[in-house]
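Analysis of the macromolecular model
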Amino acid sequence: MKSKTKKRIRFLDSIVITGIGIAAIYWILESFMFFFLSPEANIIHHLLGEDMFETLTRVLVLCMFLIFGSHIQYNINRRREADIAMQQQDEKYRTIVENIEEGFLETDLAGNFTFFNNSICKILGYSGKELIGMNNREYTNSENSKRLNEIMDEVRRTCEPAQVKDFEVIRKDVATRAIEFSLYLIKDNKSKPTGFRGVVRDVTEIFKAEREKKKLEKQLQHSQKMESIGSLAGGIAHDFNNVLMGMQGNASLMLFDIDESHPHYTKIKSLERYVENGSSLTRQLLGFAKGGGYEARATELNELIKRTSSMFGRARKEIKIHTNLLKKIWAVEVNQGQMEMVFLNLYINALHAMPEGGNLHLLSENVVIDEGSAGNLDLKQGEYVKVSVVDTGTGMDKKIQEKIFDPFFTTKEKSRGTGLGLASASEVIKNHGGLIDVYSEKGKGTTFNIYLPASDKKVIQEKELTRNIIKGTETILLVDDEEMIIEVNQEILKTLGYKTMIARSGKEAVEIYKSSQEKINMVIMDMIIPGVSGKEFYDNLKKIDPEIKVLLSSGYSVSGQAAEILERGCNGFIQKPFKLKELSVKIREVLDGK
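First, a word on what this report is: a plain description of the structure on this page.

About the cut-offs
- Residues numbered from 1 in each chain as written.
- Predicted model: local features only at pLDDT ≥ 70, side-chain atom pairs only at ≥ 80, totals over all residues.
- Heavy atoms only, no water.
- Helix = DSSP H or I, 4+ residues; strand = E, 2+ residues; numbered from the N terminus.
- Contact = heavy atoms within 4.5 Å.
- Areas by Shrake-Rupley, 256 points an atom, 1.4 Å probe, with all protein chains shown as cover.
- Axes fitted to C-alpha atoms, helices over the stretch in contact; angles between N-to-C directions.
- Parallel < 35°, antiparallel > 145°, perpendicular 65-115°, else oblique.
- Left-handed = near helix turned anticlockwise from the far one by under 90°.
- Nonpolar A, V, L, I, M, F, W, Y, C, P; charged D, E, K, R; others polar.
- Buried < 20%, exposed > 50% of the residue type's maximum accessible area, 1.4 Å probe, protein only.
- Expected span 1.5 Å × (residues − 1).
- Arc of directions from axis to C-beta.
- Pairing = 2+ DSSP bridges.
- Phe/Tyr/Trp six-rings, centres within 6.5 Å; stacked < 30°, edge-to-face > 60°.
- Core = buried A, V, L, I, M, F, W, Y, C linked by side-chain atoms within 4.5 Å.
- Patch = residues over 30% accessible without salt bridge, like charges linked within 9 Å, V, L, I, M, F, W, Y side chains within 5 Å.
- Salt bridge = Lys/Arg side-chain N within 4 Å of Asp/Glu carboxyl O.

1. As for the overall build of the protein
Summing up its helical and strand segments, the protein has 18 helices and 17 strands in all. The contacts in the protein between residues at least 6 apart in sequence include a share of 66% that link residues at least 24 apart. As presented, the protein carries roughly 34600 Å² of accessible surface, and 54% of it is formed by carbon and sulfur atoms.

Structure below.
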C-alpha cells in the first residue's frame, strides 16, 4: 500500500514539474519567436511586459515557478535520500537475516515458502531454488505436517505467536533434525492475514547432548544403586555363608561316620542339597558386589554351555534346545560357577517366556568390537566371545526391556521368584569386563547377547576332585571370630587328623604364631578379622615368617580384599560353605605346595 502511495506522489510531482518546465520553455521560445518575426522590437521590453502591471505579473509568476519548483525539488531530494536510507536499511537487515545462525522464513497462508535465509537451506539441506514455493508437508512426515497445520491454524485464529520446542524435520538426504521455532502471523495494512513468519533453531546436537546427559545420569544412578545393593548383598552373603558353613560342616561330620545304609543318611544328604541351594542364592547376591566374581581362569564357554543346557534340558523336556557353537571359540577368563549361574538364569527366563514349550537356541561366536561398535555397545575395542540365548517365547515390550536388569524387578507372580536372576547375571557379566544386552518384540521372542573379553591364556581342564578324603597330622592355626565356624572347623580338622590352635582376633593370632611358629605348619584365616584388616593381618604374618603357608577362607567371593591378599602371596582360597572333602584337598594342596 505504501509503495502505491509513493508512486502516486511521484506521478503528481512529475506532472507539476513538467507543467512548470513547459511554461518556462513556452515563455522563452515565444519571446525569441517574437524577436525573429519583429527584429526591430525590443526583446527585453517584450520579456518584461508592456507596462508595470504586466512586468509585476510576470515577475510574480516567475517567483511562483521558483517557489513551487524549489519545493518540489526539495521533496524529490528528501524522497531520494529516504529511498537510499531505506535501501541501506533493507540491505543491513537482509545481511543480518542471511548471516544469523537461526533460520528465518516467511510463508503464505498455505505454508508455501515466500522468503527464507541461508540457515533454512542448511537446516533442511535444500538449495534456495528448491525451497522457494515448497510446502511444509514436503519436509516433515505426515504426523508432524498435521501438527504444524494445527499450530498455523491456532496462530491465525488467535493472532498470538506460537513457541514450539520439539519438532522434527526431514532433510533432503532423509536425515532427521530436531528444531524449535517461533511462529508469527503476518498482516497487511488492513489487518488481513497474509502469511506466517518464523524463526527456527536447529537443536539436534543439544537434544543429543541432553539425551547423553540423561543416559549418563541414569547410568550413574544405576551404578550407585548397584554399589549400595552390592555392599548390602556382600555383607548378607558373607553372614549367610557362615550360617550355611555351620550346617554344611555338621552335615559333613555326620556323613563321615555313616554309610548309605544308615537311616538318617538320606536326610543328611538332603540337608547338604538344601545348603547348596542356599549357597546358590548367596552366589546371586555376591553377583551384585563390586568385582563380585569368584576365582577366574581361562575357560572355553562352549563346554559350560553344553553342560548347563544338558542339565537344564533333562529337567525341562518341553523346551527343545538347539546349539550352534563355533568350534574354534576363543578362551575367556571367568569363574565357571558364576557363568553357569548366568546361563541357568537365562534358560529359566526363557522357560517362563514359553510356558507351553518352545525352542531355545544357543549360539557362540568370536567377534571383534571396533571403534564404531564399541560406542554403541558401551564396550572397549577388542576381541570378544559372543554368546546368544534366543527363545521363541512371548517377548517383551520396550518398557519391560528397560527394567529387565533392575534388581527385584520381575514380571512373575510374587510366589514365583525374587527378580534377582537377570539382575545378578548382568552384574556378573559386568564384573567380568563384559556386557549383556537384550532385544525383544512382543510375540516374537527374546534374544540375550553376552559379550566377554577374549583371553590369550591357555584353557586348562580342571582335575576331578578326588573321591577320597585326604588326612594329615600337621598343626593348623585357625583364625576366625565366629564361634560357630570355629567349633565346626575345629571338629572337621580333628576328624581329618590335624592338630589345631584357635585365635579369635588378629592380635591373638600374631601372638600365638610368634610363640609357636615352629609348631604351626599352616594358617586358615577368615578375611574379616576383628581389630585388623585381612590384608594387614596377612602382611604381619609374612613379616614374622616369609615362608608361611596360608589358606584364606571367606563367605565373600574371591574379589576385592581377598584378591589382593592372594596377590600378596596367599597360598589358596576356599569359599564358604565348603564340604569336609573339599577342605581336605585344599589343605593338602597348600601344605604340599601343589
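Having seen the structure, we can now continue with the description.
2. Some details on the packing of helix 14 (residues 483-495) against helix 18 (residues 580-592)
The interhelical angle for the contact between helix 14 and helix 18, taken along N-to-C directions, is 65°, at an axis separation of 11 Å. If you check the angle between helix 14 and helix 18, you find them roughly perpendicular. The two elements helix 14 and helix 18 cross, and the hand of that crossing is right-handed. Here Ile-492, Leu-493 and Thr-495 of helix 14 lie close against helix 18, whose contacting residues are Leu-580, Leu-583 and Ile-587. Classifying every residue of the contact of helix 14 with helix 18 gives five nonpolar, one polar and no charged.

3. Some words on the environment of Ile-450
Relative to the elements of secondary structure, Ile-450 occurs in strand 12 (residues 446-455). Residue Ile-450 is classed as buried on the basis of its relative accessible area of 1%. Each C-alpha atom of the pair Ile-450 and Ser-426 lies 9.1 Å from the other, and the pair is 24 residues apart in sequence.

4. Comments concerning helix 9 (residues 301-315)
For helix 9, with 15 residues, the first-to-last C-alpha span of 21 Å sits near the 21 Å given by 1.5 Å per residue. Leu-301, Asn-302, Leu-304, Ile-305, Thr-308, Ser-309, Phe-312 and Gly-313 are the residues of helix 9 that are buried. All buried residues of helix 9 project into a common sector of 155° when viewed along the axis, lining one side.

5. Considering the sheet that holds strand 4 (residues 176-187)
The sheet built from five strands is open, its strands ordered 2-1-5-4-3 with antiparallel pairing. Sheet topology places strand 2 (113-116) and strand 3 (162-170) at the edges, where each strand pairs with a single neighbour. Between one strand axis and the next, the sheet turns by 30° as a mean value, whatever way the strands run. With nine bridges joining them, strand 4 and strand 5 (residues 193-202) adopt antiparallel strand pairing. In the sheet register, Ile-186 faces strand 5, and the bridge partner there is Gly-195. Set on the sheet, helix 6 (residues 142-158) makes contact with strand 3, strand 4 and strand 5; between it and strand 3 the angle comes to about 155°.

6. What to know about the pairing of strand 2
Successive side chains on a regular strand alternate, one facing one side of the sheet and the next facing the other. In terms of strand pairing, strand 1 (residues 103-108) meets strand 2 through three bridges, oriented antiparallel. The residue bridging Glu-106 from the neighbouring strand is Phe-115, located in strand 2. Linking two consecutive strands that pair antiparallel, namely strand 1 and strand 2, is a turn of four residues; a positive phi of about 95° is found at Gly-111 within it.

7. Considerations on helix 16 (residues 534-544)
Every buried residue belonging to helix 16 is among Gly-534, Phe-537, Tyr-538 and Leu-541, and all of these are buried. All buried residues of helix 16 fall inside an arc of 95° around its axis, so they share one side.

8. What about the sheet that holds strand 14 (residues 499-503)?
Taken together, the five strands give an open sheet; going across it, the order is 14-13-15-16-17, and neighbouring strands pair in parallel fashion. Each edge of the sheet is formed by a strand with only one pairing partner; in this case those strands are strand 14 and strand 17 (572-575). Going across the sheet, the axis of each strand differs from the next one's by a mean of 20°, ignoring polarity. Bridge count for strand 16 (residues 550-554) against strand 17 is four bridges, and the pairing is parallel. Following the sheet pairing, Ser-554 is matched in strand 17 by Gln-575.

9. Observations regarding the packing of aromatic side chains
Inspection of every chain in the model, using the stated rule, returns six aromatic pairs. Ring centres of Phe-312 and Tyr-347 lie 5.5 Å apart, and the angle between their planes is 45°; this geometry places the pair in the tilted category. With a gap of 35 residues between them, Phe-312 in helix 9 and Tyr-347 in helix 10 (residues 336-353) connect regions that are remote in the sequence. One exposure class covers both Phe-312 and Tyr-347, and it is buried.

10. Regarding the nonpolar core
Membership of the largest hydrophobic core comes to 36 residues, with the highest contact counts inside it found for Leu-301, Met-339, Phe-343 and Ile-450. Residue contributions to this core peak at eight residues, all from helix 10. Not counting the four nearest positions on each side in its chain, Leu-301 is found in contact with Val-332, Met-339, Phe-343, Val-385, Val-387 and Leu-452. Within the second largest apolar cluster, 25 residues are counted, among which are Leu-105, Leu-148, Val-155 and Ile-179.

11. Side note on a nonpolar patch on the surface
On the surface, Leu-232, Ile-236, Phe-240, Val-243, Met-247, Leu-281 and Met-484 cluster together into a nonpolar patch covering about 570 Å² of accessible area. Looking at the nonpolar patch, the element that brings in the most residues is helix 7 (residues 204-256), giving five residues. As for its position among the elements, Met-247 is in helix 7.

12. Some thoughts on the packing of helix 9 against helix 10
Helix 10 packs onto helix 9 with a crossing angle of 45° between their chain directions and a minimal axis gap of 10 Å. In terms of axis orientation, helix 9 runs oblique to helix 10. Considering how the two elements wind past one another, helix 9 and helix 10 form a crossing that is right-handed. Contacts from Leu-301, Leu-304, Ile-305, Arg-307, Thr-308, Ser-309, Met-311 and Phe-312 in helix 9 reach Gln-336, Met-339, Glu-340, Phe-343, Leu-344, Tyr-347, Ile-348 and Leu-351 in helix 10. Taken together, the residues of the contact of helix 9 with helix 10 sort by class into eleven nonpolar, three polar and two charged.

13. As for the pairing of strand 10 (residues 382-391)
Where burial is concerned, most of strand 10 is hidden: seven out of the ten residues are buried. Note that strand 9 (residues 358-369) and strand 10 share ten bridges and pair antiparallel. Residue pairing in the sheet places His-361 in a bridge with Val-390 of strand 10. Bridging between strand 10 and strand 12 involves eight bridges; their strand directions are antiparallel. Pairing of Val-385 across the sheet is with Leu-452, part of strand 12.

14. A short note on the pattern of salt bridges
On inspection of all chains with the given rule, the structure shows 20 salt bridges. Here Asp-202 and Arg-177 are joined by a salt bridge, their closest N and O atoms 3.1 Å apart. Of the two residues, Asp-202 sits in strand 5 while Arg-177 sits in strand 4, which places them 25 residues apart along the sequence. The exposure class of Asp-202 is partly exposed, given its relative accessible area of 28%. With a closest N to O distance of 3.1 Å, Lys-576 and Asp-480 form a salt bridge. Here the residue Lys-576 occupies a position in the loop between strand 17 and helix 18, and Asp-480 occupies one in the loop between strand 13 (475-479) and helix 14, the gap between them amounting to 96 residues. Look at Asp-480 and you get buried, because its relative accessible area is 4%. When salt bridges with common partners are traced through the structure, they connect Glu-474, Arg-588 and Asp-592 into a single cluster.

Interpretation in functional terms is not warranted from these geometric data alone.
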